[in-house]
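# Inside the fold
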Amino acid sequence: MSDLPTTARVVIIGGGAVGTSTLYHLAKEGWTDCVLLEKNELTAGSTWHAAGNCPNFSGSWAVMNMQRYGLEMYRSLADDVGYPMNYHVTGSLRLAHSKERMQEFERVAGMGRYQGMDMPILTPQEMQEYHPFMEVHELEGGMWDPLDGDIDPAQLTQAMAKGARDLGARIERFCPATGIERDGDEWIVKTDKGDIRCDFVANCAGYYAQRVGEMFKPFGGRTVPMVVMSHQYFLTEEIDEIAAWTKEKGHKLPIIRDVDISYYLRQDKNGLNLGPYERNCKAHWITPEDPMPEDFSFQLYPDDLERLEFYIEDAMARVPALGTAGVGRNINGPIPYAPDGLPLIGPMPGVKNAFEGHCFTFGIAQGGGAGKVLSEWIMHGETEWDMWATDPRRYTDYADHDYCLNKALETYGHEYAMHFGHHEWPAGRDKKLSPVDARIRAAGGVMGAYNGWERANWFAKPGDDTSEDATHTWDRQGPWTQRVKEEVEAVTGGVGVLDLPGFSRFNLSGAGAAEWLRGMIAGGLPKVGRMNLGYFPDSRGRILTEMSLIRHEEDHFTLISAATAQWHDFELLDNARPEGLTLSDHTTQYSTLIVSGPQSRALFGGIASDVDLSLGWLTHQTARIAGRDCAMLRVSFAGELGWEVHAANADIPAIYDAVMAAGATPFGMYALNSMRIEKGYRAWKGDLSTDYTLFEGGLDRFVKLDKPQDFPGKAALQNEKQQGPKKRFVILLVDAGDQDAPYMSTIWSGDTVVGETTSGDWGYRINASVALGVVRTDLAEPGTALEVEMYGKRYKATVQPDQPLWDPSNERLRA
Ligand SMILES: Cc1cc2nc3c(=O)[nH]c(=O)nc-3n(C[C@H](O)[C@H](O)[C@H](O)COP(=O)(O)OP(=O)(O)OC[C@H]3O[C@@H](n4cnc5c(N)ncnc54)[C@H](O)[C@@H]3O)c2cc1C
């Protein structure tokens with residue numbers, strides 16, 4: 001008879017680094033009544049003896065925080081749990097072959113400084129002092145990452161397992177989860193040794209996550225968006241020179257990450273280990289002819305050395321010692337890839353009380369932090385850091401197999417690539433098209449993908465360079481600059497139209513809908529016939545999301561939010577929705593045209609009927625344009641007189657044609673971003689995130705602490721109001737050079753780091769570089785002189801009054 005527990009608070013499926021770390025973190029918080037099921041040995045996912053701590057270059061605080069936390073945790077883990085481990089902090093050298101790469105390093109070094117980490121920029125010669133076996137041809141320079149290193153993944157997993165067990169958590173090896181059932185609010189996890197009833201389940205099944213995910217489909221789950229890639233590295237035999245050097249120095253060589261060529265080269269014992277991310281990479285188990293085996297634990301794919309040839313040759317020229325040794329062993333193992341290469345950690349989309357923590361491409365380096373994050377999701381339903389970059393809900397229904405495969409191949413082959421602000425990756429495109437997509441492209445639209453939707457970023461004229469190469473720059477200036485300027489001028493001086501498919505759109509109705517909504521947002525509701533912004537705080541008063549609330553009747557609303565927020569926002573509402581209220585998602589049935597500019601009233605005067613164009617700002621009404629029904633919302637994210645026209649997809653082409661025939665100029669997302677930033681309007685998951693409370697985000701006018709309803713975070717916000725927020729949102733004018741401040745640029749006051757930017761862009765109407773950011777409260781006073789660090793240089797920046805830079809009293813908007 002098995003002694004498998006019959007009940008538990010949490011069941012974790014999968015005992016790799018991530019599952020065990022999650023169990024350990026739960027147990028440390030007193031959640032010891034948890035069981036981890038592993039179908040094989042605990043370390044099944046770790047046949048390969050290597051694990052670098054690659055710092056995150058994805059440009060997200062989420063991953064950077066997670067990795068930094070993990071590395072700190074690993075340093076004391078052996079002592080904390082009493083399990084000795086091989087962990088070498090060797091540092092690493094990142095090599096730059098271009099000016100743009102050096103700029104990227106400078107930016108990362110700045111982000112490091114924000115976190116108190118020193119990552120010096122080095123000349124080629126300085127790098128040789130760290131790594132005397134390295135040649136420096138074709139290098140501009142490099143960066144030193146002092147925290148990189150290698151750890152034994154099996155030992156790491158065992159150490160976290162020991163920590164969890166010692167605290168009272170259960171680990172059941174050779175016990176696969178074979179199915180899931182639901183009984184009321186409880187999950188029943190099926191195994192051959194018996195069933196376990198539990199409150200929460202977490203899918204931590206690594207490259208088997210898609211298969212485990214299938215078990216959740218009857219309860220609302222989707223196909224997990226991932227593909228399994230093959231990742232190879234080879235190990236050389238011992239190299240005498242390296243053995244001698246190591247003996248003399250008493251430590252290993254640093255890792256080389258040649259990010260432009262796309263490989264890492266690290267010391268393994270006294271030999272070398274070369275691991276490329278090849279452009280000509282390969283996915284496995286993607287066709288019915290090549291099915292995924294039931295269990296692949298401790299197994300490897302056949303060697304595929306041909307794929308490595310180019311990289312081996314390049315690395316041999318970089319470190320000639322590599323060519324002096326024979327190949328010892330090749331390792332070719334499975335590695336799961338979500339389309340963007342980042343893991344999926346958080347609530348399982350569509351399934352209440354189920355979570356996921358999988359698709360890790362650097363799961364050894366990230367496992368420690370991932371366990372903290374996932375355990376917070378399970379215990380509290382929210383996390384310390386904003387984790388949108390790894391939130392499973394960032395992928396919606398467009399992420400089908402075809403998309404996942406094409407993106408995984410692209411992402412793997414460009415694992416170390418630079419992510420330029422104006423660059424759009426070409427794979428996995430055209431998943432969702434606007435009803436007027438063909439017209440937009442015919443007009444020169446240079447497209448970008450937004451939650452799978454294609455939108456024009458800017459409109460090119462004949463002869464403009466629309467190549468991908470032209471976007472490989474951190475600079476503001478590019479083929480788009482002149483066109484964006486012209487588009488802004490058209491909106492400011494006349495009237496422009498932006499085709500904006502993909503707004504997330506929900507209908508909420510039923511007796512008591514208004515009262516319930518009042519208990520979800522911090523502010524007030526609009527009157528019938530009007531609309532306003534509602535901010536949804538979490539329990540700590542932090543900014544979960546922002547929605548436009550459009551009130552049709554007392555208890556009937558349409559709620560509109562960012563395209564990427566679709567599943568996040570729907571779940572936020574649906575999980576809290578009381579019986580009796582109806583909530584439905586109409587995102588794919590309707591589309592939107594933004595028509596903005598001082599001539600927009602005249603334009604609609606000529607083409608719209610059954611409408612009152614004198615109705616003021618923040619009103620909405622139905623209307624007819626070109627014989628089609630639509631809704632006209634009197635708002636403008638561009639900050640000019642204007643309307644959003646919302647209509648059924650089938651009616652959009654006729655309306656668009658009428659708007660164009662009446663003289664509107666098409667404009668794109670770049671122009672819109674420039675204009676919104678001049679107005680100080682915040683964008684979701686840049687400026688608006690759970691890294692900030694509503695007060696820190698400067699949203700005071702949307703917080704009504706005196707309203708009778710309770711709402712999430714009210715007590716926290718009341719407390720914060722009394723104490724005064726520690727940080728404040730600011731609009732900065734930056735005395736910038738060739739670039740505008742990207743997200744996560746460090747803000748300085750003298751020699752002290754005092755904040756960070758949340759977005760930045762050039763304001764074409766005010767002819768200045770603008771940054772939105774958050775700084776220490778005492779420095780948020782208008783006129784305060786600060787500095788913004790961009791790509792290694794600091795630029796003067798001045799805090800502006802808390803009002804729009806363009807049309808401060810909103811006269812143009814309300815005209
Ligand atoms: C060649 C190679 C080199 C790598 N190098 C590095 C590196 O240098 N640094 C780094 O950070 N990462 C590296 N990785 C990636 C790293 O190995 C993974 O990211 C990491 O192992 C993922 O950990 P995990 O816990 O998410 O999943 P896994 O380790 O795959 O664990 C998932 C577990 O779930 C179990 N399971 C599956 N289905 C069930 C079920 N139904 N019931 C119960 N259990 C189940 C499996 O048996 C498995 O043990 C490398 C990968 C490869 C292939």
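Just so it is clear, the structure is predicted and the values come from calculations on it, not from any experiment.

All right, on to the state of the cysteines then. Within this structure, the stated rule accounts for zero disulfides. Of all cysteine sulfurs, the one in Cys404 lies closest to Cys281, which takes part in no disulfide; the gap is 15 Å. A relative accessible area of 14% means that Cys281 is categorised as buried.

Bringing the packing of helix α2 (residues 61–81) against helix α5 (residues 153–167) into the picture now. Contact pair α2 / α5: the axes reach a minimum separation of 10 Å and the direction vectors enclose 50 degrees. Looking at the two axes, α2 sits oblique to α5. In the crossing of α2 with α5, the sense of the turn from one axis to the other is left-handed. Together, Met73, Tyr74, Leu77 and Val81 of α2 and Leu156, Ala159, Met160, Lys162, Gly163 and Asp166 of α5 make up the contact between the two elements. Residues of the contact of α2 with α5, tallied by class, amount to seven nonpolar, one polar and two charged.

Time to look at the sheet that holds strand β34 (residues 727–734). What holds strands together in a sheet is hydrogen bonding between their backbones, with the strands either parallel or antiparallel. Taken in spatial order, the six strands line up as β34-β37-β36-β35-β38-β39 and close into a barrel, and their pairing is antiparallel. Put simply, the sheet's adjacent strands are angled 40 degrees from each other on average, direction ignored. In the sheet, strand β38 (residues 785–790) pairs with strand β39 (residues 793–799) via six bridges, with the strands oriented antiparallel. Of the residues in β39, the one forming a bridge with Glu787 is Lys796. Its contacts with the sheet place helix α17 (residues 669–678) against β36 (752–763) and β37 (768–776), and it is angled at close to 130 degrees to β36.

Turning to the nonpolar core, a few remarks are in order. The nonpolar side chains of a soluble globular protein tend to be buried, and buried together. Judged by nonpolar contacts, the single largest core of 114 residues is most densely connected at Leu37, Leu77, Phe216, Met229 and Ile378. Tallying contributions element by element places α2 first for this core, with nine residues. Sequence-distant contacts of Met229, that is, excluding residues within four places in its chain, are made with Cys281, Lys282, Ala283, Tyr301, Gly333, Pro334, Ile335, Tyr337, Ala408, Leu409 and Tyr412. Grouped together as the second largest cluster of nonpolar side chains are 28 residues, Phe133, Ile242, Tyr263 and Ile312 included.

Cut-offs used in this document
- For every chain, the first residue of the written sequence is number 1, and numbering continues from 1 onward in sequence order.
- Whole-chain, interface and lining totals are the exception, using all residues; otherwise, since this is a predicted model, local features are given only for residues with pLDDT of at least 70 and side-chain atom pairs are given and counted only at 80 or more.
- Side-chain calculation: all heavy atoms of the structure are included, whereas hydrogens and water are not.
- For this text, the term disulfide refers to a pair of cysteine sulfurs within 2.5 Å.
- For each residue, the accessible area found with a 1.4 Å probe, counting protein chains only, is set against the maximum for its type, and the residue is called buried under 20%, exposed over 50%, and partly exposed in between.
- A fitted line through C-alpha atoms represents every axis, and for helices the fit uses only the stretch in contact; the resulting angles, taken between N-to-C directions, go from 0 to 180 degrees.
- Helix and strand assignments come from DSSP, with helices taken as H or I runs of at least 4 residues and strands as E runs of at least 2, each series counted from the N terminus.
- Should an angle fall under 35 degrees it is called roughly parallel, over 145 degrees roughly antiparallel, and 65 to 115 degrees roughly perpendicular, with every other angle called oblique.
- Should the near helix be turned anticlockwise from the far one by less than a right angle, the crossing is left-handed, and should it be turned clockwise, the crossing is right-handed.
- Contacts are residue-level and defined by heavy atoms, with any inter-residue pair within 4.5 Å sufficient.
- Each residue is assigned to one of three groups, with Ala, Val, Leu, Ile, Met, Phe, Trp, Tyr, Cys and Pro labelled nonpolar, Asp, Glu, Lys and Arg labelled charged, and all others, Gly among them, labelled polar.
- At least two DSSP bridges between two strands are required for those strands to pair.
- As used in this record, nonpolar core signifies buried Ala, Val, Leu, Ile, Met, Phe, Trp, Tyr and Cys residues forming a set joined through side-chain atoms within 4.5 Å.

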